[in-house]
Amino acid sequence: PTGNQDEELCAEKILTTLARRAYRRPITDEDLATLLGFYQSGRRQGDFDTGIELALQRILVSPEFLFRIEREPEDAAPNTPYPISDLELASRLSFFLWSSIPDEELLDLARHGQLGEPGVLAAQVTRMLADPRSRRFSENFVQQWLGTDGLKNVVHVTDSSLMEAMQEEPVAFFEDILKRNSSVLDFIHSDYAVVNERLAGHYRIAGVHGPHFRHVPIELQANRGGILTGAAILTMNSDGSDSHPLKRGIWMLERILQDPPPPPPPNVPEVDLTDPEILKMTLKERIADHRNKAACISCHAKIDPWGIAFENYDALGAFRTTNKNKPVDATSELFNKEKLAGMMGLKRYLLMNRQDQFTRALVDKLTAYALGRSLSFGDNADIDHLTVTFRKQGDRLADLVHLITQSTIFNSK
């Protein structure tokens, strides 16, 4: 731009566009006056670019940019939920599905009061899920749900290509279910895997070539399918040299069933690995010996049976039938006397007896992620209603995303 007046008009246009995107709402005269004041201050110190840079710094430190501010209506009753505005809905949608700010299409619909219309909202969710930016949703939610950031603390995976494949598999599996709108029960067990050549080799699945992940049918004998047998889950829940039933059992209860065990009591006795009699025991026998101590039984009776069911998988998630020249014993008995015959027995039990618990846990975790806050007791009725509707519609993942975005809890504050 040339000339002071032309520069001012150009700055006004640039700052209006930037602020509208950053603040995720129309810009007021007061907003623009503040930013132009910073521009003019910078312009006096240098050139046009200096002025824009100073105004941009002001935008980037503004609470309107750094926080999702949802203003309470003046007539809102105390302690009573109220509907959010269409502009606030645009931000909720974009941070939920893109982990970023709304684009112009969302903002335009919101400005015209159309975004909250059911048909429009559903179409926008479909558009956003088809956009490459939805990859961020898969990555961020999977990490939060399954705790896969635990792989960062793993040091016993020395093959970098295997580690990369381990990290990618649960995200690729989630994306596959989301894009095909398949049942979330596939997370428990599926007749397919989503793998690349490196991970397929680790799982002994033949016929997979290349670095890209793809949907591959598998036989029951592959001992895979779902997320419970994924190398990432099994590897991060090991001790580096062998499986770790306690870690795996706790992960199972917390992440899959949302039923975490109580914290361990103080002064829990350690397993004495210098005792020759202890060293002769199998891992399952050591666990049973430790569990029989009075201070340990209350917690371990709830945790151990779940973890023992994973025993056919080693510290890298490879399937095995023997360990230290002894047959692996992955059978266990739950607190309710239900017997689990290894991983297949665990999956069968979950699908036959714990579907409602698993689906409700997933609805709870995905809704909390969508809202960007933890849920409270007061949210239980909404979660129960969402879960019942979700189950009636067939447990499909993309449908759950639509149900959440159309729900009262997502559209109110």
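Every chain begins its residue count from 1, and numbering advances along the sequence as written. The model is predicted, so local features are restricted to residues of pLDDT at least 70 and side-chain atom pairs to those at 80 or more, both for listing and for counting; the totals for chains, interfaces and linings are taken over all residues. As a rule here, side-chain values come from all non-hydrogen atoms in the structure, and water together with hydrogens is ignored.

Caption draft 1: Region of interest: the overall build of the chain. Working definition: helices are DSSP H or I runs of at least four residues, strands are E runs of at least two. Numbering for both runs from the N terminus. On a plain count of helices and strands, the chain comes out with 19 helices and six strands. The burial tally for the chain puts 47% of its 413 residues in the buried class. What makes two residues a contact is simply this: any of their non-hydrogen atoms within 4.5 Å. Residue pairs in contact within the chain that sit at least 24 positions apart in sequence constitute 65% of those at least 6 positions apart. Here the accessible surface of atoms and residues is derived via Shrake-Rupley with a 1.4 Å probe, and residues count as covered only by protein chains that are part of the display. When the accessible surface of the chain is summed, it comes to about 20,600 Å², and 53% of that surface belongs to carbon and sulfur atoms. Any residue under 20% of the maximum accessible area for its type is buried, any over 50% is exposed, and the rest in between are partly exposed; the area is computed with a 1.4 Å probe on protein chains only.

Caption draft 2: Main features of the nonpolar core. Of all hydrophobic cores here, the largest spans 89 residues; its most connected members are Phe137 and Phe187. If one sorts the elements of this core by residue count, helix H9 (residues 160-180) sits on top with ten residues. Each nonpolar core is a collection of buried residues, namely Ala, Val, Leu, Ile, Met, Phe, Trp, Tyr and Cys, held together in the definition by side-chain atoms within 4.5 Å. Judged by nonpolar contacts, the second largest core, of 13 residues, contains Ala11, Ala19, Leu36 and Phe48.

Caption draft 3: How the structure looks around the pattern of salt bridges. For salt bridges, the criterion is a side-chain nitrogen of Lys or Arg within 4 Å of an Asp or Glu carboxyl oxygen. With the rule as written, the count across this model stands at 26 salt bridges. Measuring nitrogen to oxygen at the nearest pair gives 3.2 Å for the salt bridge that ties Lys302 to Asp259. Of this pair, Lys302 sits in helix H15 (residues 297-308) while Asp259 sits in the loop between helix H12 (245-256) and helix H13 (276-280), placing them 43 residues apart in sequence. Here Arg396 ties to Asp399 by a salt bridge, and the two come within 3.0 Å at their closest N and O atoms.

Caption draft 4: Looking closely at the layout of surface pockets. With a 1 Å grid spanning the protein atoms alone, the term cavity applies to any set of points in which a 1.4 Å probe fits but cannot get out, the term pocket to an open set with protein on both sides within 12 Å along at least five of seven lines, and the term lining residue to any residue with an atom within 4 Å of a point. Grid points are joined across faces, edges and corners, and a volume is the space filled by probe spheres set on the points. Taken as a whole, the second largest pocket encloses approximately 340 Å³ of empty space. Lining the second largest pocket are 13 residues, with Arg92, Leu371, Arg373, Ser412 and Lys413 sitting closest to its centre. For the lining of the second largest pocket, the residue count by class is three nonpolar, four polar and six charged. Three categories are distinguished: nonpolar for Ala, Val, Leu, Ile, Met, Phe, Trp, Tyr, Cys and Pro, charged for Asp, Glu, Lys and Arg, and polar for the others, with Gly belonging to the last.

Caption draft 5: Here's a closer look at the packing of aromatic side chains. When the centres of two rings from Phe, Tyr and Trp lie within 6.5 Å, Trp using its six-membered ring, the rings pair. Their planes under 30 degrees apart give stacked, over 60 give edge-to-face, and anything left gives tilted. Here the structure, examined in full by the defined rule, presents 16 aromatic pairs. Ring geometry for Phe173 versus Phe187: centroids 6.0 Å apart, planes at 50 degrees, classification tilted. Here Phe173 is found in helix H9, whereas its partner Phe187 is found in the loop between H9 and strand E1 (192-195), with 14 residues between them in sequence. With respect to burial, Phe173 and Phe187 carry one shared label: buried. Geometrically, the ring pair formed by Trp306 and Tyr349 is tilted, given 6.0 Å between the ring centres and 50 degrees between the ring planes. Placement of the pair is Trp306 in helix H15 and Tyr349 in helix H16 (residues 342-353), with a sequence separation of 43 residues. Judged on exposure class, the residue Trp306 and its partner Tyr349 are both buried. Among the aromatic side chains, those forming a connected cluster through ring pairs are Phe96, Phe137, Phe141, Trp145, Phe173, Phe174, Phe187, Tyr192, Tyr369 and Phe410. Lysine NZ or arginine CZ positioned within 6 Å of the ring centre and within 35 degrees of the ring normal marks a charge as sitting over the ring. Over the aromatic face of Trp98 sits the side chain of Arg133, whose NZ or CZ is 3.8 Å from the ring centroid. A cation over an aromatic ring shows up here: Arg180 above the ring of Tyr192, its NZ or CZ 4.9 Å from the ring centre.

Caption draft 6: Examining the packing of H9 against helix H19 (residues 397-406) more closely. The angle between two axes is taken between their N-to-C directions and runs from 0 to 180 degrees, where each axis is a line fitted to C-alpha atoms and a helix contributes only its stretch in contact. Two elements in contact, H9 and H19, have axes whose closest approach is 6 Å; the angle formed by their N-to-C orientations is 75 degrees. As judged from the angle between their axes, H9 and H19 are roughly perpendicular. Contacts from Phe174, Ile177 and Leu178 in H9 reach Leu397, Ala398 and Val401 in H19. Class assignment of the residues belonging to the contact of H9 with H19 gives a composition of six nonpolar, no polar and no charged. By the definition adopted for this analysis, an angle is roughly parallel if under 35 degrees, roughly antiparallel if over 145, roughly perpendicular if from 65 to 115, and oblique otherwise.

Caption draft 7: A look at the pairing of strand E2 (residues 214-217). Of the two faces of E2, only one is covered, namely that formed by Arg214 and Val216; the face formed by His215 and Pro217 stays uncovered. Whether two strands pair comes down to DSSP finding at least two bridges between them. Two strands pair when backbone bridges link them, and E1 and E2 are joined in this way by four bridges, in the antiparallel orientation. Considered in E2, the bridge of Tyr192 is made with Pro217.

Caption draft 8: Local environment of H16. For H16, built from twelve residues, the straight-helix expectation of 16 Å at 1.5 Å per residue is met to within 8% by its first-to-last C-alpha distance of 16 Å. Of the positions making up H16, those classed as buried are Gly342, Met343, Gly345, Leu346, Lys347, Tyr349 and Leu350. A helix is expected to span 1.5 Å multiplied by its residue count minus one.

Caption draft 9: Just empty space enclosed by the protein, in detail. Scanning the model with the defined rule gives three cavities of 30 Å³ or more in all. Lining of the largest cavity is provided by Glu169, Pro170, Phe173, Gly226, Ile227, Gly230, Ala232 and Ile233. Secondary-structure elements contributing two or more residues to the lining of the largest cavity are H9 and helix H11 (231-236). Empty space within the second largest cavity amounts to approximately 40 Å³.

Caption draft 10: View of a nonpolar patch on the surface. On the surface, Leu18, Leu56, Leu60 and Val61 cluster together into a nonpolar patch covering about 310 Å² of accessible area. Turning to its location among the elements, Leu56 is positioned in helix H3 (residues 48-60). In this analysis, a patch consists of residues with relative accessible area above 30% that form no salt bridge, clustered at 9 Å for like charges and at 5 Å for the nonpolar side chains Val, Leu, Ile, Met, Phe, Trp and Tyr.

Caption draft 11: Just H9, in detail. Taking 1.5 Å per residue as the helical rise, H9 with its 21 residues ought to reach 30 Å, and the 30 Å between its terminal C-alpha atoms agrees with that figure. A bend of about 35 degrees at Glu168 is the largest found in H9, and the proline Pro170 appears one to four places after it. Count one or two residues on from H9 and you reach Asn181, which has phi positive near 50 degrees. Throughout, the bend at a residue refers to the angle made by two axes, fitted to the seven residues ending there and to the seven starting there.

Caption draft 12: Representation of unusual backbone geometry within the structure. With a phi close to 65 degrees, Arg24 is a non-glycine residue in the positive phi region. As for its position among the elements, Arg24 is in the loop between helix H1 (4-23) and helix H2 (29-45). If you check the backbone angles, Arg204 has positive phi at about 60 degrees while not being a glycine. With respect to the helices and strands, Arg204 occurs in the loop between helix H10 (197-203) and E2.

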